[in-house]
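# Examination of the molecular architecture
Read off the chains here:
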Amino acid sequence: MKRMIVVTSLALFCSIAMFAQKSPVFVADGAAIHGYDAVAYFTESKPVKGDSLLSYSWNGVNWRFATEQNKEAFKANPDKYAPQYGGYCAYGASDGEGHKAPSDPEAWKVVEGKLYFNYNKSVQQMWFKRQDELIKTADKNWPSLKDKGK
């Protein structure tokens, strides 16, 4: 049963990747990272939904924050808080030549001061097993992948 769930997740993951966004930042629900507060992953160690009244436009995308302090921290140093690979799935960015796949704000991890997302928690478990290797591969893939639609 577990294997079937993983296989189904991967099939869905690959089919969604075919329709990936061209934007270098993953946008869902009208904002980056589903409207979650990027700074909160670092300061509260958990996903926190941002407020549309506390928005900041960066990299052509609307970012939302839970507090004015978080918004100001992001404005002062967006590269510190913005997720790697534009918030797209880290596993997808590392797969072969890489592809853009959506991500789940609940499937996240901060590694060496950088925020990473995955498609879902099942994919994240696979990413955890080879995380360091996959980060290196995704880092190599991302410069050519970020402006592609797929």
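This report concerns the structure included in the present document. Every value quoted in this text rests on a predicted model; they were computed, and no experiment measured them.

Take helix α6 (residues 121-129) next. Residues of α6 that are buried: V123, Q124, M126 and W127. All buried residues of α6 lie within an arc of 160° about the axis, which places them on one face of the element. A distance of 3.0 Å separates the backbone nitrogen of S122 from a side-chain oxygen at the start of α6, and that oxygen is part of N120.

Before going further, it helps to spend a moment on the packing of aromatic side chains. In total, this model carries 14 aromatic pairs according to the counting rule given. Judged by centre distance (5.0 Å) and plane angle (35°), the ring pair of W63 and F74 falls under tilted. Note that W63 is positioned in strand β4 (residues 61-65) and F74 in helix α3 (residues 68-76), a separation of eleven residues in sequence. In terms of burial, W63 and F74 fall into one category: buried. Ring geometry for Y85 against Y116: centres 5.8 Å apart, planes inclined by 50°, an arrangement best described as tilted. Of this pair, Y85 sits in the loop between α4 (78-81) and α5 (90-94) while Y116 sits in strand β6 (residues 114-118), and the two are 31 residues apart along the sequence. Aromatic rings pair up to connect F26, Y85, Y88, Y116, W127, F128 and W142 into one cluster.

In this section: the side chain of D37. Looking at where D37 falls in the secondary structure, it is placed in the loop between β2 (31-32) and α2 (40-43). Of the side chains bearing the opposite charge, R64 lies closest to the buried D37, which forms no salt bridge; the N-O distance is 11 Å. Reaching out from D37, the side chain makes a polar contact with the backbone nitrogen of V39 at a distance of 2.9 Å. When near neighbours in sequence (up to four residues on either side) are disregarded, D37 contacts V48, K49, G50, R64, F65, A66, T67 and N70.

Let us now look at the nonpolar core. Counting 20 residues, the largest nonpolar core has Y85, C89, Y91, Y116, V123, W127 and I135 as its most contacted members. Counting residues per element, the ones that place at least two in this core are α5, α6 and α7 (131-145). The biggest single contributor to this core is α7, with five residues. Contact partners of Y85, with chain neighbours within four places excluded, come to P24, A90, A93, Y116, I135, A138, D139 and W142. Counting 17 residues, the second-largest nonpolar core is a separate cluster that includes I33, V39, Y41 and A82.

About the cut-offs
- Counting of residues starts from 1 at the beginning of each chain's written sequence and follows it residue by residue.
- Confidence filtering applies because this is a predicted model: local features only for residues at pLDDT of at least 70, side-chain atom pairs given and counted only at 80 or more, and all residues used for totals across whole chains, interfaces and linings.
- To get the side-chain values, take all heavy atoms of the structure and skip hydrogens and water.
- Burial here depends on accessible area, computed with a 1.4 Å probe over protein chains only, as a share of the maximum for the residue type. Under 20% is buried, over 50% is exposed, and the range in between is partly exposed.
- Strands are runs of DSSP state E lasting at least 2 residues, helices are runs of H or I lasting at least 4, and numbering of each runs from the N terminus.
- Picture the helix axis, draw a direction to every C-beta atom, and the arc is the one those directions span.
- For this analysis, a polar contact is any N or O atom pair within 3.5 Å, provided that within protein one partner can donate a hydrogen and the other can accept it, and provided that sequence-adjacent residues contribute only side-chain to side-chain pairs.
- Note on ring pairs: Phe, Tyr and Trp rings are taken, using the six-membered ring of Trp, and paired if centres are within 6.5 Å. Classes follow the plane angle, with under 30 degrees stacked, over 60 edge-to-face and the rest tilted.
- Residues scored as charged are limited to Lys and Arg (positive) and Asp and Glu (negative), so that His and the chain ends carry no count.
- Definition used for salt bridges: Asp or Glu carboxyl oxygen within 4 Å of a side-chain nitrogen of Lys or Arg.
- In this description, contact between two residues means that some pair of their heavy atoms is separated by no more than 4.5 Å.
- Throughout, nonpolar core names a set of buried Ala, Val, Leu, Ile, Met, Phe, Trp, Tyr and Cys residues whose side chains join them through atoms within 4.5 Å.

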